[in-house]
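For reference, the chains in residue letters:
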Amino acid sequence: MVPIIKVENLSKVFGKKPQVALELLDEGKSKDEILEQTGNTVGVNRATFDVEEGEIFVIMGLSGSGKSTLVRLLNRLIEPTEGSVYINEQNLAKMDKKELRQIRREKMSMVFQKFALFPFRTVLENAEYGLEIQGIDKEQRKEKAEKALELVGLGGYINQLPAQLSGGMQQRVGLARALANDPEVLLMDEAFSALDPLIRKEMQDELLDLQDRMKKTIIFITHDLDEALRIGDRIALMKDGSIVQIGSPEDILVNPANEYVEKFVEDVDRSKVLTAENIMKRPETINIEKHGPRVALERMKEEGLSSMYVVDRQRKLHGYVTADDASAAVKKDTKDLNEILRTDVPTVTPTTTMTEIFNIIYNSPVPVAVVDDGTLKGIIVRGAVIAALAGSEVNTEDVG
Amino acid sequence: MLDKLPKLEVAQPVRDLTDWIKEKFEFIFNPIKDDFGPFLEKLSEEWLAAIPAWLFILIVAVLAFFVSGKKFGFAIFSVLGLVFIYNQGQWVELMFTFVLVIAASFLAIIIGIPIGILMSKSKVIQSILTPVLDFMQTMPAFVYLIPTAAFFAIGMPPGVFAALIFAAPPTIRLTNLGIRQVSKELVEASEAFGSTGLQKLIKVELPMAKSTIMAGINQTVMLSLSMVVVASMIGAPGLGREVIRALQRADVGAGFVAGLGIVILAIIIDRFTQYMNKGKA
């Protein structure tokens, strides 16, 4: 798939001698050293990344890491010093003013941290803003703006002024204003950071919900790792103007690229982020089409297990057998595994979070089976859950 | 020691410059002198003064009532004040002063707001204009009377133009300030949706700056009133001329009456512009 946005070597230096600063960056000088030597501030240093259509790409970093500068380089609210931004293969950095305006009007909309609503305009007029400056006629823009407001749940407030609404509602207006243009890309600059935690969570859910329905590409800036992990399909971590790691939420947690990332993720509640996939083990199984109770008992003895999962050639899960049942069957000389097969299997999917696994594994006499579409992918034993919470022994490769 | 320094020629070049301007721009000054001046006089003396005083007062009272948010206080004050001026036989003088103030303020605003906008958009223009505005405001107001009298002879036009120079700076300054104070995020929002510079100005910056600009306009109107009074020294008609006449005759009573008329007019105009700002912002 062709990425909708492609960023290459994008840099921004604030100050009078940006080229000198860029050369110093090439020599490997740090942001602080360059500030001391030239008086220039490096905002963004050679950012390179792709954003796929329909994904939520989160750029996260602490304040001063350059994330807000980076998002403004994407729609050129700040002029890049160097590098390119391609949207649908057109280079934004090389466009003249008119072409750039066209992109801003039709392809990219922005949602701001402090909402940036126009206080003298009603909710409806705010949502209409982007359409109004395109010269779209009154009827049509009213219809589109109302639809966008409806979408964010503000259909009944269209004649209020922004100051009459709560923070969460104001940001919904901000979102509706951005959606009214029907852009391909939404740039969200710390869009939920000014909201209190409960409302923030609600808005995150709604954003995910909207994303499901509308399939927009979203570039979301945040300083909150929990938020990043919650909504991001992929996350780019920034430090001192550079991107230090790009990956899925799991990648970032499980394989921190360096100490900085590791420090960052240290405080995260791992039970909310890690899923069954991360802690499952390769299962020992027996094949129902080939093996009988005798083989099952042998294997269990060999591995020191008290139970074992039963699959077929396609690794479809059938159930499990226990060592006690197997030895009883051997005594009775039963040949068919089906007779001692137990099917009350505790199962989870690869994406089940650890929080949910706790409840299941607590009541289960056998390891939990991780099943994807009927196929056994792995098993989870109690010890693995505890180890994962302690922050070690987490696997990243596919096990099954 | 210092006495040996030859005297720097400043006065003469300024004199020469004024003569030069007068000669070169005659084609502008003459029509103003010959057409605009008589027009203003006609407007005050024949048209406005022809409206029956009671009707004029009634109109002002009704406007005052509505502009003050349907309260009677301001309307009653306007009626009493204007009746007093009429009663003292200063009605035509009031009309002259009124026309001068409106003409000077109107021109100051028409010229001032665009200059203020330019100033807010360019650091260079701002750094050039700031000292010029300081100069315009600190130079004793009387000084402006000399060249304007040279350009426009005596009467209403020099009064209008002296008042214009003296009164325009607050509108320019506060337009500049108002636009510069618009929050950065709002400007970014406007740009991020693809506004042109003009759209940004009209749809976001000017509405946001409106109450600051209105404060500047209020000051401009008040300053032009004070200048219009001073301009009576070069023959501008109106309440100011009554004050000067009283001064020449050392007539305290007549001076007080004319002065009171100016105060009443000042209060009415001031409240009008302030209420207009509050009402809409």
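Counting restarts for each chain, with residues numbered from 1 along the sequence as it is written. Think of it this way: whatever chain is written first is A, whatever ligand is written first is 1, and the rest follow in order. A pLDDT threshold of at least 70 governs which residues receive local features in this predicted model, and a stricter bar of 80 or more applies before side-chain atom pairs are shown or counted, although totals over entire chains, interfaces and linings include all residues. Side-chain descriptors were evaluated using all non-hydrogen atoms of the structure, hydrogens and water having been removed beforehand.

Some remarks on the packing of helix α5 (residues 123–132) of chain A against helix α6 (residues 138–151) of chain A
Residue and element names in this part refer to chain A.
Right, on to step 1. Where α5 meets α6, the closest approach of the two axes is 9 Å, and the angle between their N-to-C directions is 120°. Looking at the two axes, α5 sits oblique to α6. As α5 packs across α6, the resulting crossing turns out to be right-handed. Counted together, V123, L124, A127, E128, L131 and E132 of α5 and K138, R141, K142, K144, A145, E146 and L149 of α6 form the full contact between these two elements. An axis is simply a line fitted to the C-alpha atoms; with a helix, the fit covers only the stretch in contact. Between two such axes, the angle follows the N-to-C directions and lies from 0 to 180 degrees. Strands are runs of DSSP state E lasting at least two residues, helices are runs of H or I lasting at least four, and both sets are numbered from the N terminus onward. Convention used here: angles under 35 degrees read as roughly parallel, angles over 145 as roughly antiparallel, angles from 65 to 115 as roughly perpendicular, and any remaining angle as oblique. Two helices crossing with the near one rotated counterclockwise from the far one by less than a right angle form a left-handed crossing, whereas a clockwise rotation gives a right-handed crossing. Only heavy atoms matter for contacts: two residues are in contact if any of them lie within 4.5 Å across the pair.

Describing the sheet that holds strand β4 (residues 82–87) of chain A
All names here are of chain A.
Right, on to step 1. Read across the open sheet, the 4 strands follow the order β2-β1-β4-β5; overall the sheet is antiparallel. Of all strands in the sheet, those bounded by a partner on one side alone are β2 (41–51) and β5 (90–91).
Right, on to step 2. By this definition, two strands are paired if DSSP reports at least two bridges between them. Note: strand β1 (residues 5–14) against β4, 5 bridges, orientation antiparallel. Across the sheet, S11 pairs through a bridge with E82, a residue of β4.
Right, on to step 3. Along the sheet, helix α3 (residues 67–74) makes contact with β1, β2 and β4, crossing β1 at roughly 120°.

Focus: the nonpolar core
Right, on to step 1. We call a set of buried residues a nonpolar core when its members are Ala, Val, Leu, Ile, Met, Phe, Trp, Tyr or Cys and they connect through side-chain atoms within 4.5 Å of each other. Between buried and exposed lies partly exposed: a residue is buried under 20% and exposed over 50% of the maximum accessible area for its type, with that area taken using a 1.4 Å probe on protein chains only. In terms of nonpolar packing, the biggest core is built from 104 residues, with F49, L74, M188, F220 and I380 of chain A touching the most fellow members.
Right, on to step 2. For this core, the leading source of residues is helix α7 (residues 167–180) of chain A, giving 6 residues.
Right, on to step 3. Annotation comment: domain bounds sourced from an automatic or database domain assignment. When residues of this core are assigned to domains, at least three fall in each of domain 1 (53–84 + 91–270) and domain 2 (276–389) of chain A.
Right, on to step 4. Once residues lying within four places of it in the same chain are set aside, the contact partners of I380 of chain A are A276, I279, M280, V348, I357, I361, P367, V368, V370 and V385 of chain A.
Right, on to step 5. Counting residues in hydrophobic clusters, the runner-up holds 65 residues, among them V60, A168, M214 and V229 of chain B.

Looking at the interface of chain B and chain A
Right, on to step 1. Counting from both sides, the interface comprises 16 residues of chain B and, opposite them, 26 residues of chain A.
Right, on to step 2. Summing both partners gives a buried area of about 1,800 Å² for chain B against chain A, and 62% of it is carried by carbon and sulfur.
Right, on to step 3. Throughout, the accessible surface (probe 1.4 Å) given up by two parts as they are put together, summed over both, is called the buried area. If you sort the residues of chain B by the area they bury against chain A, E185, F193 and K203 of chain B come out on top, with a joint share of 40%.
Right, on to step 4. As used in this structure description, the phrase polar contact means that two N or O atoms lie within 3.5 Å; if the pair is within protein, one of them must be able to donate a hydrogen and the other to accept it, and residues adjacent in sequence are counted only when both atoms belong to side chains. Linking chain B with chain A are 10 residue pairs in polar contact (both at pLDDT 80 or more), by the criterion used here.
Right, on to step 5. Counting residues per element, the ones that place at least two in the side of chain B that touches chain A are α9 (184–192) and α10 (197–230) of chain B.
Right, on to step 6. Residues are sorted three ways: Asp, Glu, Lys and Arg are charged, Ala, Val, Leu, Ile, Met, Phe, Trp, Tyr, Cys and Pro are nonpolar, and all the rest, Gly among them, are polar. Classifying every residue of the side of chain B that touches chain A by side-chain character gives 7 nonpolar, 5 polar and 4 charged.

Quick look at the environment of K290 of chain A
Residues and elements named next belong to chain A.
Right, on to step 1. Here K290 lies in the loop between β11 (285–287) and α14 (293–303).
Right, on to step 2. Judged by its relative accessible area of 56%, K290 is exposed.
Right, on to step 3. Taking the C-alpha atoms as reference points, K290 and L337, separated by 47 residues in sequence, lie 9.7 Å from one another.

A few points about the pattern of salt bridges
Right, on to step 1. Throughout this description, the term salt bridge denotes a Lys or Arg side-chain nitrogen within 4 Å of a carboxyl oxygen of Asp or Glu. Under the defined criterion, the tally for this structure stands at 28 salt bridges over all chains.
Right, on to step 2. With its nearest N and O atoms 3.8 Å apart, the salt bridge here joins E188 of chain B to K184 of chain B. Residue E188 of chain B and its partner K184 of chain B are both found in helix α9; the two are separated by 4 residues, about one turn of the helix.
Right, on to step 3. Exposure remark for E188 of chain B: the relative accessible area of 7% places this residue in the buried category.
Right, on to step 4. When salt bridges that share partners are traced, they join R72 and D189 of chain A together with K184 and E188 of chain B into one network.

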